[in-house]
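This is what each chain is made of:
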Amino acid sequence: MFYPVRYADDFLVLVSGTQEDALAEKSALAEYLRQSTGLELSPEKTRVTAVTDGFEFLGFHVTMRWDKRYGYGPRVEIPKAKAADLRRKVKLLTGSSTTQISLGKKLQEINPILRGWANYYRYCTFAGRVYSSLDWYISDRLWRWLRKKRPKASAGDILGAYQPSSRRRTRRLWREGSTEQHLLAWTPIHRYRLAWMRTPNFAMSSGEPDA
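Residues numbered from 1 in each chain as written. Predicted model: local features only at pLDDT ≥ 70, side-chain atom pairs only at ≥ 80, totals over all residues. Heavy atoms only, no water.

A. Representation of the side chain of Gln-181 in the model. Within the secondary structure layout, Gln-181 lies in the segment after strand S8 (179–180). We classify Gln-181 as buried; its relative accessible area is 2%. A distance of 3.2 Å separates the side chain of Gln-181 from the side chain of Ser-139, its partner in a polar contact. Setting aside its immediate chain neighbours within four residues, Gln-181 contacts Leu-107, Asn-111, Asp-135, Ile-138, Ser-139, Leu-142, Leu-173 and Trp-174. (Helix = DSSP H or I, 4+ residues; strand = E, 2+ residues; numbered from the N terminus. Buried < 20%, exposed > 50% of the residue type's maximum accessible area, 1.4 Å probe, protein only. Polar contact = N/O pair within 3.5 Å; in protein donor to acceptor, adjacent residues only side chain to side chain. Contact = heavy atoms within 4.5 Å.)

B. Representation of the environment of Val-62 in the model. Within the secondary structure, Val-62 sits in strand S4 (residues 60–67). Remark: the alpha-carbon pair of Val-62 and Val-51, spanning 11 residues in sequence, is separated by 7.4 Å. Here Val-62 is in contact with Val-51, Gly-54, Phe-55 and Arg-75, once residues within four sequence places are set aside.

C. View of a nonpolar patch on the surface. Residues Tyr-192, Leu-194, Trp-196 and Met-197 make up a contiguous nonpolar surface patch of about 450 Å² in total accessible area. Structurally, Met-197 can be placed in the segment after S8. (Patch = residues over 30% accessible without salt bridge, like charges linked within 9 Å, V, L, I, M, F, W, Y side chains within 5 Å. Areas by Shrake-Rupley, 256 points an atom, 1.4 Å probe, with all protein chains shown as cover. Salt bridge = Lys/Arg side-chain N within 4 Å of Asp/Glu carboxyl O.)

The quantities given are spatial measurements derived from coordinates; they are silent on function.
Laid out in structure tokens, this is it:
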């Protein structure tokens, strides 16, 4: 048995069987693509692996994890490399050469990146833990950025911009006027419901792709 998953020109095939079964399926698929489309599978991007070892697809880490209550089960996680990439991007945006603009402008520059990143990974297991860790890092980077922007200001003066959020008054964050730091941890996190899925336009009743 096998189950294909496709997004644009990226796809994977989940095989129920041995590694030999997976290798045979790969060979058959490579031959079919060669004859029908003239395309070759990329040796660098094509991999045969057990789900228990994990793999990455569309920026997600897919694996099987042991749970003492239910046994082995599938899990979609945020890859550590993706969280590191976000930290690196925020670090570049809060470097010493970017202090010419106001805090509000800097938040407007960073917030769309944070909002998009959080929404993309909100269905991942333990996403809340990753979000909380990133929120702490981003707050610290903004503090360091303000210290570079105002080297002669006291810590108390800089902390004047660390104000209660307009959304939750008990939570303080970096804010200037109506513009405030977007917190990833406030993104709703829940499992993706398969009931939301619809038959894609390229699907046909015969099972053959039409794209």
